[in-house]
Amino acid sequence: MTPDSPATPRDDAIRLLARREYAAAELRTRLTARDHAPAAVEAALARLAEEGLQSDARFVEHFVRSRIQRGQGPVKIRAELGRRGVDGELIGAALDEAGCDWQALACEALAKRFDGPGDGPRERARRQRFLAGRGFDAGQVHHALAHAWRET
């Protein structure tokens, strides 16, 4: 590629992938936004996947691991991956393989943020909203409210 020639979809995709992992759907969106022909984008994505340079499974694994480290729950992680165009089965498999104790993670996040369970219903609701916003389901929230300060 010379300085005057336009970048190919593959070149642009490799530049993006050099910074971080991307889901194929994300790459497709970014490459078509750069005015690459849809057929050329699809061909480039297929070739990158064949060569192992782009992998949705690898992207999801990394994404799940990083969100768990941030203290986020499975509901939020699943939603974010869905918005990024990742297949639901792949998301489910990655969450299962993560081996995370979601209840313990909810307890840890809650204990880190709040000193105790709260004095009244308003404070308890505030803690529930915090955990729900972090992506924990009702069972995990209930468990965390009952056990967060005993386990730390």
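Everything that follows concerns the structure shown earlier in this document.
Described in the following lines is the structure provided in the data block. Residue positions are given per chain, counting from 1 as you read along its sequence in written order. Note on the predicted model: pLDDT of at least 70 is required for a residue's local features to be given, and 80 or more for side-chain atom pairs to be given and counted; whole-chain, interface and lining totals, by contrast, use all residues. Processing note: side-chain calculations cover all non-hydrogen atoms of the structure and skip hydrogens and water entirely.

## So, the overall build of the protein chain
In DSSP terms, a helix is any run of H or I states spanning at least four residues, a strand is any run of E spanning at least two, and both are numbered starting from the N terminus. A tally of regular secondary structure across the protein chain gives 9 helices and 0 strands. Moving toward the C terminus, one meets the helices and strands of the protein chain in the order α-α-α-α-α-α-α-α-α. Structurally, the protein chain occupies a C-alpha span of about 65 × 25 × 20 Å along its principal axes. The buried label applies to any residue whose accessible area, calculated with a 1.4 Å probe on protein chains only, is under 20% of its type's maximum; exposed applies above 50%, and partly exposed to all values in between. Looking at the 152 residues of the protein chain, the share that counts as buried comes to 37%. Once local pairs closer than 6 in sequence are excluded, the contacts in the protein chain between residues at least 24 apart make up 59%. Total accessible area on the protein chain stands at roughly 9000 Å², and carbon and sulfur atoms take up 49% of it. Between the centroid of the 25 positive side chains of the protein chain and the centroid of its 23 negative side chains there is a distance of 7 Å. Any pair of residues with heavy atoms lying within 4.5 Å of one another is described as a contacting pair. The protein chains shown are the only cover counted for residues, whose accessible areas, like all others here, come from Shrake-Rupley with a 1.4 Å probe. When charges are tallied, Lys and Arg are placed among the positive residues and Asp and Glu among the negative ones, while His and the ends of the chain are skipped. Lysine's charge is taken at NZ, arginine's at CZ, aspartate's at CG and glutamate's at CD.

## Regarding helix 3 (residues 38-50)
Take the residue count of a helix, subtract one, and multiply by 1.5 Å to get its expected span. Here helix 3 contains 13 residues, and its C-alpha end-to-end distance of 18 Å stays within 8% of the 18 Å for a straight helix at 1.5 Å per residue. Those residues of helix 3 not exposed but buried are Val 41, Ala 44, Leu 45 and Leu 48. Down the axis of helix 3, the buried side of the element spans an arc of 100 degrees, and every buried residue falls inside it. Residues of helix 3 that are exposed and angled more than 90 degrees away from the buried face: Ala 39 and Glu 50. At its buried positions, helix 3 is contacted by helix 1 (9-19) and helix 2 (24-33). The arc refers to the directions leading from the helix axis to the C-beta atoms.

## Considering the environment of Leu 16
Residue position: Leu 16 is located in helix 1. Note on Leu 16: relative accessible area 1%, which makes it buried. The spatial distance from the C-alpha of Leu 16 to the C-alpha of Leu 31 is 9.7 Å, given a sequence separation of 15 residues. Aside from chain neighbours lying at most four places away, what touches Leu 16 is Tyr 22, Leu 27, Arg 30 and Arg 34.

## A word on the side chain of Gln 72
Note on placement: Gln 72 falls in the loop between helix 4 (56-69) and helix 5 (74-83). A residue is classified by how much of its surface remains accessible, and Gln 72, at 9% relative accessible area, is buried. Other than its neighbours up to four places away in sequence, Gln 72 contacts Arg 67, Ile 77, Glu 80, Trp 102, Leu 105, Arg 134 and Phe 136.

## Considering the nonpolar core
Side-chain atoms within 4.5 Å link the members of a nonpolar core, which is a set of buried Ala, Val, Leu, Ile, Met, Phe, Trp, Tyr and Cys residues. One finds Val 64, Ile 77, Leu 81, Leu 110 and Leu 131 to be the most contacted residues of the largest nonpolar core, which totals 26 residues. Of all the secondary structure elements, the ones that give two or more residues to this core are helix 4, helix 5, helix 6 (88-97), helix 7 (102-113), helix 8 (121-134) and helix 9 (138-151). Looking at which element gives the most residues to this core, the answer is helix 7, with 6 residues. When neighbours within four sequence positions are excluded, Val 64 is seen to be in contact with Ile 77, Leu 81, Ala 94, Leu 95 and Ala 98. Counting residues in each nonpolar core, the second largest holds 9 residues, with Leu 17, Leu 27, Leu 45 and Leu 48 among its members.

## Re the state of the cysteines
Two cysteine sulfurs form what is called a disulfide whenever their separation falls within 2.5 Å. The full count for this structure, using the stated rule, is 0 disulfides. The cysteine Cys 100 is free of any disulfide, with Cys 107 supplying the nearest cysteine sulfur at 11 Å. Of the residues examined, Cys 107 reaches a relative accessible area of 2% and is grouped as buried.

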